[in-house]
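# Coordinate analysis (summary)
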Amino acid sequence: MKHKYQVTIPAALRKRLNLHEGDMLEVREQDGLLVLVPQAVSQRPAVQPRSPLLAMIGANKGSNLYKSAQDADNFIRKLRDEWN
């Protein structure tokens, strides 16, 4: 249990039960155990796929921050090397 009493549901279980961020769970006590019961979702919004970082290059036209995806990748790799 985390600060503010948050709990993490393992990824494999979330996938098996088709749980998504924002879904509602009812918490019940049963024989001294906490039981999480997913509540029916009347309509789940369509999930927008997240764009990979390199796909965002050029999204800010005119910035000239990076000439290519490879330049951005090299910059990120250099930053990571500095952290080690």
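Think of each chain on its own: its residues are numbered from 1, step by step along the sequence as written. Totals for whole chains, interfaces and linings use all residues, but because this is a predicted model, local features are given only for residues with pLDDT of at least 70 and pairs of side-chain atoms are given and counted only at 80 or more. Side-chain metrics rest on all non-hydrogen atoms present in the structure, leaving aside hydrogens and water.

## A word on the overall build of the protein chain
Quick reminder of the rule: A helix here means a DSSP run of H or I that spans at least four residues, while a strand means a run of E at least two residues long, and both kinds are numbered starting from the N terminus. Throughout this description, buried means an accessible area under 20% of the type-specific maximum (1.4 Å probe, protein chains only), exposed means over 50%, and partly exposed covers the range between. Any two residues whose heavy atoms approach within 4.5 Å at even a single point are treated as in contact. To measure how exposed things are, a 1.4 Å probe is used in the Shrake-Rupley method; for residues, cover is taken only from the protein chains shown.
In terms of helices and strands, the protein chain carries 2 helices and 2 strands. In the protein chain, the order of α-helices and β-strands from amino to carboxyl end is α-β-β-α. Per-residue burial for the protein chain yields a buried fraction of 6% across its 84 residues. For the protein chain, the proportion of contacts with a sequence separation of at least 24, taken over those separated by at least 6, is 8%. Of the roughly 8200 Å² that the protein chain leaves accessible, carbon and sulfur atoms contribute 54%.

## Some remarks on unusual backbone geometry
The phi angle at K4 is positive, at roughly 65°, despite the residue not being glycine. Following the sequence through the fold, K4 ends up in the segment before α1 (11-16). Positive phi values are uncommon outside glycine, yet N18 reaches one of about 55°. Secondary-structure assignment places N18 in the loop between α1 and β1 (25-30). By relative accessible area, N18 is classed as partly exposed at 44%.

## Re the pairing of β1
This is how it is decided: Two strands are said to pair when DSSP picks up at least two bridges between them.
The sheet contact formed by β1 and strand β2 (residues 33-38) spans 6 bridges and is antiparallel. In the sheet register, L25 faces β2, and the bridge partner there is P38. If you look at the hairpin formed by β1 and β2, you'll find 2 residues sitting between the two strands, and D31 has a positive phi there, around 55°.

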